[in-house]
Every structure is written in C-alpha cells, then in structure tokens.
2 protein chains.
Amino acid sequence: MVSKATRFLAVDWGTTNRRVFLIDQGQVVRTERDDRGVTAVEDFESDAAGIRAQFGDLPMLMAGMVGSTVGWRVAPYVPAPAGLADLAANLLWIDDRTAIVPGISTMVGGRPDVMRGEEVQLLGAVAAGLVPPDSLLCQPGTHCKWVEMEAGRVADFTTAMTGELFAMLRKHGLLAAQLGGEVRPGAAFREGVEEARRRDLTASLFGIRAAKMLGVRDDADAASYASGLLIGSDVAARLATTGHDTVHILADPVLGALYSVAIETLGRSARLVDSQSAFVAGIIEIRNQ
Amino acid sequence: MVSKATRFLAVDWGTTNRRVFLIDQGQVVRTERDDRGVTAVEDFESDAAGIRAQFGDLPMLMAGMVGSTVGWRVAPYVPAPAGLADLAANLLWIDDRTAIVPGISTMVGGRPDVMRGEEVQLLGAVAAGLVPPDSLLCQPGTHCKWVEMEAGRVADFTTAMTGELFAMLRKHGLLAAQLGGEVRPGAAFREGVEEARRRDLTASLFGIRAAKMLGVRDDADAASYASGLLIGSDVAARLATTGHDTVHILADPVLGALYSVAIETLGRSARLVDSQSAFVAGIIEIRNQ
C-alpha cells in the first residue's frame, strides 16, 4: 500500500537518462526527465546538489545504474528472494539524507542474473496494487526482465538480451540489409512468433535470408518477422517454465503491443501496466520503511 | 565412387576466396587458393580466361557463390532431396565447356533454407566413401550447414548463423568487452554447451554479463563459454530432431575440435572428415555424369 510520506526527491538514474520526481504526501508534484544518465556525469555530488537546487533541499532516494560500478557508489546486490523491505533494509547511504537503492541478484537454476533499477518499478507494481502479489511480470527493452513475483517479493528472474540482439542484427551482418523496415504486430510478426516455438534461434534467423533467396516472404515484412522471432523466442522460453496464465507487462505502448501479441500467439494472456506509477509506488514504499 | 575423368578445371568459387583445382584422371595435380572471391570480380569471363591461361585451356566446372545473384550467372537452386546426379542434370552452362553447379533449396517443415557451394563437398563426402550414404553431416562456419543424407542424397538441411552471431557479439554490444579472449574447448566451453541445453539463447547470453557482475566466472573464460553456448545451441537443436548417433564434421581442425566437444558433451559421437578430398570427389563425380 502506498502511504503518506514527507516531501522527498526520487531519482530513477539510468545509464543514459535520468528522471527526477518531487514527491509530497505520496503524490508526484513535479517530475522531469533529462539526459544526465550516469555515463554523462563525472561529479555525482555536484549533480545531486544541482537536483536539490532545482527541486528543493530534500532527502533523496536514488535507484538504477547510479548504484553500479559506473555510478556514484556501488550498492551491492541483494540476493533474491527480495521485496521492498529487503531493499529498504539494504540502502547504501551516501550521507544521512541521501541513499541508493540496491539491485537484486539471483543464481536460481545455476544461471547468474542481475537487475538494477528495474526492481523498484517491478516491486512497485505490486505495492500499487497494479499486479497481484503472485504473478509473472515482464519489462521489455534492450535487456528484457522477467520476474516471478511470490507474496509480493521477487522470487526469481531472468534477463534476455532480446532488444540488444535485434538492434545488432539490424545494424550489422548478413540480415541488416533486410531489416530496415518498420516493425508491426501483424501477420509477419505472428509468423515469426510461431517459428520461435522451435527454440532454434540461430537457424530461424538464417531462414530470413533463405526466405529472401527463395522469394517466399515479402522483404518489407522481414523486420516484423525478425522481431516476432526474437520476442517470440524470449516469450516461449519463459512460458515454458512458468505456471502463470497471465503476463503483466510494464512497457511503453509500442513494445507493450508487440509483447502482448507474442504472449497471446503463444496461448497466454497479457495485461499492460502503467510503469511510471509503479516506480513511484515502489520508491515511496521504500522511503516509508 | 570416384572414377577416372579427363583433365578439367574445378573451381570452388566463394564470396571472398577462390580455390582452383587442376584434375587429371581423378587426381588433383595442381591446386591454388586466392582472394578472387566473387565480390572481388567484375568481369567473370576475363577472370575465367585468366584461370585457363594459368592452369590450362580445359573444361571448367564451378561451384559456390559464382552461381548466385552476386556471381557470374544465377544457377537456380535444385530442391531437396537432391544428389550429385540432380546437380549434374541441372548445371548452368555458360558455354559448351564452362558450367556452374547449382545450389540446393529446401522448405521442409515450413522453414526455407538454401545452400550454394557446400553441396559439392557434402555430397562428395559420400561419393568418396568418407561418410555413409545415410548419415548426419555438419559443416561449421559463419553459417553452419547440417545435412541429413539419405541414400547418398541431401534429404533435408538446416543452416544456423552460429559463426556470424559469435563474431557479431565479439565486436558489438554489451558482451564485446568480455569476449576478446581465446576460445578453447575446455571446461568453460563445455559449461557453455551444458547451458545451451536450455534452448534459451538470449537469456543465456545475458548470463555472461551477470557472471561478470557477480564474479562467478573468470572473465578470461567468457569467450570460451560464449562459444560453447552458441555452438551448443546449434548442436542441441539439431540433435533434438535427428536419430543419428554420429555426426560427421567437415571443418578445419580448430572448429572441428569445438564442434566435436559440443557433440560429445551432448551425448553423441563426432567424426572429422577431410573436407578438401570431399569437394574433389564431388566435383569429379558431377563431371563424370
């Protein structure tokens, strides 16, 4: 539950972007996004002072890459299972009113995985009542995060390089010339999702080339097909190891629509969740604890 | 069986390289390799005349990308199942003593696939008695070819972008900085092959990054692990759809060793085959028919 809180500043501080929220009594009263991601910042102390000069001389709670080796200071990962209380208990304090929220790590099933920044949004979605305490969440992007939430805590999670791989294939190598088109969640996209059921990505990718050589698919559809194949591979692998019928997606509408279609093509339901509300709910809950 | 043939020139004419063989009475009497691949050639007629000036004014049989849209002239794909007799019956004649061997296409299982150049070597391996007429062959490389041979003909085949994907990951994106090390078929490579059993490539790839963040694998082993993961993904997908216990590998010793270890780690046997002898046997058999 999101309860009342005193005024404070929440900063979602990523690699390339940063969003600052001024929160008062559990409400966002002002928010701004800029390109002062951690890679653009040299002196975090003076940047933080700049934020306070702009938004108010208040306590500050930060999340994201600001707590990584390329950030202000390293906030060590909290091992899963972990909830908002575990994050709150493991804040890295810069001074008595400035803290960084730690990320979460896992070694479930022998595969190491890490997240940093996404955890506030994902756990916040539960805190805000946007998703059930026991549920499967998906946060698509360059590195797509999938979280098994149990009793409102991150029980386990998996990161897939789905977005990064697609961007790489569009830019480099054999398929790049074919993948310049717009990605739409239509028939070609769904065809790619169906192909992904084979769980044979490197061969399915070559099929895009072969389809061109044999003239069996309009090349204008190649990008949509490839996107369906990559997102479908991600979704198919995840659905194979979960019992949940519904996937809760935290994403912008475009990526959210693609993942929704992939999930539904593979026989489950998808629900879109407002991810900014989720972050705010999560950071307020950490602040309250 | 390789029978006697008159003198002729065989040219294995690929994208970036070209190998010329002077064959006499079924034996290679002279061979040379250069970088006159099809992308380096503008006037194929004059290049062919150059080969004849150097090796003798003889009939010439070419295979590979020389028969593609970026080559001399397009030799249309012969659909699988196809054997050497089918290729011989579908030569593209430039003139009455100059011909291009066609590639092979397939649509088996709804996935389009093509090969051009590899077919002579793969079918030649059977013709030379190096592999049984009913067998599973693997030709690793940038685009790894897997062939189900039935009664000495290509019954079906699959191409995986294994080598290209590995090269791309080493050069671009998040993992590039970790993958500069040497690839060896040791413990880290086998660990990658085991991980590949999950058939969840995009997530397993992110695990390489997470392993670094959590310090659970020496980063000097990351390239071997990644190679094991990619080759293992390729091998695991193929072994899932074949009944053969032995894979016959046509490759250079380094790549051959990696695929052998992956195949054996996943529970089957691997046998290395001399690929140059296979090409020569194949082209002689086509010439004889």
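Here the structure is a predicted model, which is why all the values come from computation and not from measurement.

1. Overview of the overall build of chain A
Of the regular secondary structure elements, chain A holds nine helices and 14 strands. Taking 289 residues into account, the globule formula puts the C-alpha radius of gyration at 19 Å, and chain A, at 20 Å, falls close to it. Expressed along its principal axes, the backbone C-alpha trace of chain A runs to roughly 65 × 40 × 35 Å. Long-range contacts, defined as pairs at least 24 residues apart, comprise 66% of the intrachain contacts of chain A with a sequence gap of at least 6.

2. Some remarks on the interface of chain A and chain B
Every contact between the two is made by 34 residues of chain A and, on the other side, 34 residues of chain B. Counting only elements with at least two residues in the side of chain A that touches chain B, the list comes to β9 (113-115), β12 (153-160), α4 (162-171), α6 (201-214) and α7 (222-239) of chain A. In terms of residues, the side of chain A that touches chain B owes the most to one element, α6 of chain A, which gives 10 residues.

3. Side note on the sheet that holds strand β14 (residues 269-273) of chain A
Residues and elements named next belong to chain A. Pairing within the open sheet is mixed, and its five strands lie in the order β12-β11-β10-β13-β14. A strand with exactly one partner marks an edge of an open sheet, and here the two such strands are β12 and β14. Each strand of the sheet is rotated relative to its neighbour by a mean of 25°, with strand direction disregarded. In this structure, strand β11 (residues 144-150) lies alongside β12, joined through seven bridges in antiparallel fashion. Paired with K145 across the strands is T159, a residue of β12.

4. As for the relation of the copies chain A and chain B
Of the transformation superimposing chain A on chain B, the axial component is 0.0 Å and the angular component is 180°, with the fit at an RMSD of 0.0 Å. Here the symmetry operator amounts to a two-fold rotation axis. Closest approach to the rotation axis within chain A is made by the C-alpha atom of R199 of chain A, at a distance of 2.9 Å. In this assembly, 100% of the residues forming the interface of chain A have copies in chain B that are likewise at the interface, indicating an isologous arrangement.

5. Brief notes about the pairing of β14 of chain A
All names here are of chain A. Bridge count for strand β13 (residues 246-250) against β14 is five bridges, and the pairing is parallel. Each bridged residue has a counterpart across the sheet, and for V247 the counterpart in β14 is A270. One crossover worth recording links β13 to the parallel β14 by way of helix α8 (residues 253-265), and it is right-handed.

6. Side note on the sheet that holds strand β8 (residues 104-106) of chain B
The pairing of strands in a sheet happens through backbone hydrogen bonds and is either parallel or antiparallel. Pairing is mixed in the open sheet, where three strands are placed in the order β5-β8-β9 (chain B). The open sheet has two free edges, formed respectively by β5 (78-79) and β9 (113-115) of chain B, since each of these has just one partner strand. Looking at chain direction, β8 of chain B and β9 of chain B are connected through three bridges and run antiparallel. Counterpart to I104 of chain B in the pairing with β9 of chain B is M115 of chain B. On the sheet, α6 of chain A packs against β8 and β9 of chain B and is oriented at approximately 80° with respect to β9 of chain B.

7. Focus: the packing of helix α7 (residues 222-239) of chain B against helix α8 (residues 253-265) of chain B
Residue and element names in this part refer to chain B. The interhelical angle for the contact between α7 and α8, taken along N-to-C directions, is 65°, at an axis separation of 9 Å. Relative to α8, α7 is oriented so that their crossing is right-handed. Along the contact surface, α7 presents S227, G228, I231, G232 and V235, while α8 presents L258, Y259, A262 and I263. Split into classes, the residues belonging to the contact of α7 with α8 amount to six nonpolar, three polar and no charged.

8. Section: the domain arrangement of chain A
By the assigned domains, chain A splits into domain 1 (8-129) and domain 2 (162-273). Just the C-alpha atoms count here: the centres of domain 1 of chain A and domain 2 of chain A sit 31 Å apart.

9. What to know about the nonpolar core
With 187 residues, the main nonpolar core has A125 and A226 of chain A together with A226 of chain B as its most contacted residues. Those residues within four positions of A226 of chain B in sequence are excluded, and the remaining contacts are F166, L169, L175, L179, G192 and I208 of chain B.

10. Points about the pairing of strand β12 (residues 153-160) of chain B
Of all the eight residues making up β12 of chain B, six are buried; the element is thus mostly covered by neighbouring parts of the structure. The turn linking strand β11 (residues 144-150) of chain B back onto β12 of chain B is made up of two residues, and A151 of chain B within it adopts a positive phi angle of 50°.

11. Side note on unusual backbone geometry
All names here are of chain A. Cis geometry marks the peptide bond from A80 to P81; its omega dihedral reads 0°. Relative to the helices and strands, P81 resides in the loop between β5 (78-79) and α2 (84-89). In this structure, A151 takes a positive phi of about 50° despite not being glycine. Judged by local crowding, A151 falls into the exposed class, with 10 C-beta atoms found within 10 Å.

12. Focus: the confidence of the model for chain A
Reading predicted coordinates in detail is not appropriate for stretches of low pLDDT. Per-residue confidence for chain A gives a mean pLDDT of 95, with 98% of residues at or over 70. Below a pLDDT of 50 lies the segment residues 1-5 of chain A, which in the model reaches 16 contacts outside its immediate sequence neighbourhood of four places, other chains included.

13. Here's the deal with α6 of chain A
Residues and elements named next belong to chain A. The end-to-end C-alpha distance of α6, which contains 14 residues, comes to 20 Å, matching closely the 20 Å that a straight helix rising 1.5 Å per residue would cover. Its axis deflected by about 25° at I208, α6 carries its strongest bend there. Among the 14 residues of α6, 11 are classified as buried, and the element is accordingly described as predominantly covered. Considered for burial, the residues of α6 that qualify are L201, T202, A203, S204, L205, F206, G207, I208, R209, A210 and A211. Taken from the residues just after α6, G215 is the one with a positive phi, measuring 65°.

14. Some remarks on the packing of helix α5 (residues 187-196) of chain B against α7 of chain B
Residue and element names in this part refer to chain B. In the contact formed by α5 and α7, the axes pass within 6 Å of each other and the chain directions differ by 40°. Judged by the inter-axis angle, α5 sits oblique to α7. Judged by the twist between their axes, the crossing of α5 over α7 is right-handed. Each of A188, F189, R190, E191, G192, V193, E195 and A196 in α5 lies in contact with α7, whose residues at this interface are S224, Y225, A226, S227, G228, L229, I231, G232, S233 and A236.

15. Overview of the environment of L58 of chain B
All names here are of chain B. Tracing the backbone through its elements, the reader meets L58 in the loop between α1 (44-55) and β4 (60-64). Judged by C-beta crowding, with 16 C-beta atoms within 10 Å, L58 ranks as partly exposed. It is 21 Å that separates the C-alpha atoms of L58 and G117, two residues lying 59 residues apart in sequence. Look past the residues within four positions of L58 in its chain and what remains in contact with it is R7, F8, L9 and R52.

16. A few points about helix α9 (residues 275-288) of chain A
Here α9 of chain A spans 20 Å end to end across 14 residues, near enough to the 20 Å set by a 1.5 Å rise per residue. Within the sequence span of α9 of chain A, burial applies to S275, A278, F279, V280, A281, G282, I283, I284, E285, I286 and R287 of chain A.

Criteria and cut-off values
- Here, residues in each chain are numbered from 1, in the same order as that chain's written sequence.
- Chains carry letters and ligands carry numbers; both start at the beginning, A for chains and 1 for ligands, and go up in the order they are written.
- Under the rules for a predicted model, residues below a pLDDT of 70 receive no local features and side-chain atom pairs below 80 are neither given nor counted, while totals for whole chains, interfaces and linings still include all residues.
- Numbered from the N terminus, helices here are DSSP runs of H or I no shorter than four residues, and strands are runs of E no shorter than two.
- Radius of gyration: over C-alpha atoms. The globule rule applied is 2.2 Å multiplied by the number of residues raised to the 0.38 power.
- Contact between residues is assigned whenever the C-beta positions, reconstructed from backbone atoms, fall within 7 Å.
- Any two strands are treated as partners once DSSP identifies two or more bridges connecting them.
- Think of each axis as a best-fit line through the C-alpha atoms, taken over the contacting stretch in the case of a helix, with angles from 0 to 180 degrees between the N-to-C directions.
- The copies were overlaid with a least-squares fit restricted to C-alpha atoms from residues scoring a pLDDT of at least 70 in each copy.
- Here, the term right-handed applies to a crossover whose path from the first strand over the helix to the second runs clockwise when the strands point away from the viewer.
- Crossing handedness: left-handed means the near helix sits turned counterclockwise from the far one by under a right angle, and right-handed means the same turn made clockwise.
- Under the scheme applied here, ten amino acids are nonpolar (Ala, Val, Leu, Ile, Met, Phe, Trp, Tyr, Cys and Pro), four are charged (Asp, Glu, Lys and Arg), and all others, including Gly, are polar.
- Domain start and stop positions are those given by an automatic or database domain assignment.
- Think of a nonpolar core as buried Ala, Val, Leu, Ile, Met, Phe, Trp, Tyr and Cys residues, each tied to the set through C-beta atoms within 7 Å.
- Exposed residues have 12 or fewer other C-beta atoms within 10 Å of their own C-beta, buried residues have 20 or more, and residues in between are partly exposed; the C-beta atoms are placed from the backbone.
- As a per-residue measure, pLDDT reflects the predictor's confidence and takes values from 0 up to 100.
- The length a helix should cover is 1.5 Å for every residue beyond the first.
- Bend, at a single residue, is the angle you get between axes fitted to the 7 residues ending at that residue and the 7 residues starting at it.
- Note that the term roughly parallel is reserved for angles under 35 degrees, roughly antiparallel for angles over 145, roughly perpendicular for angles of 65 to 115, and oblique for everything else.

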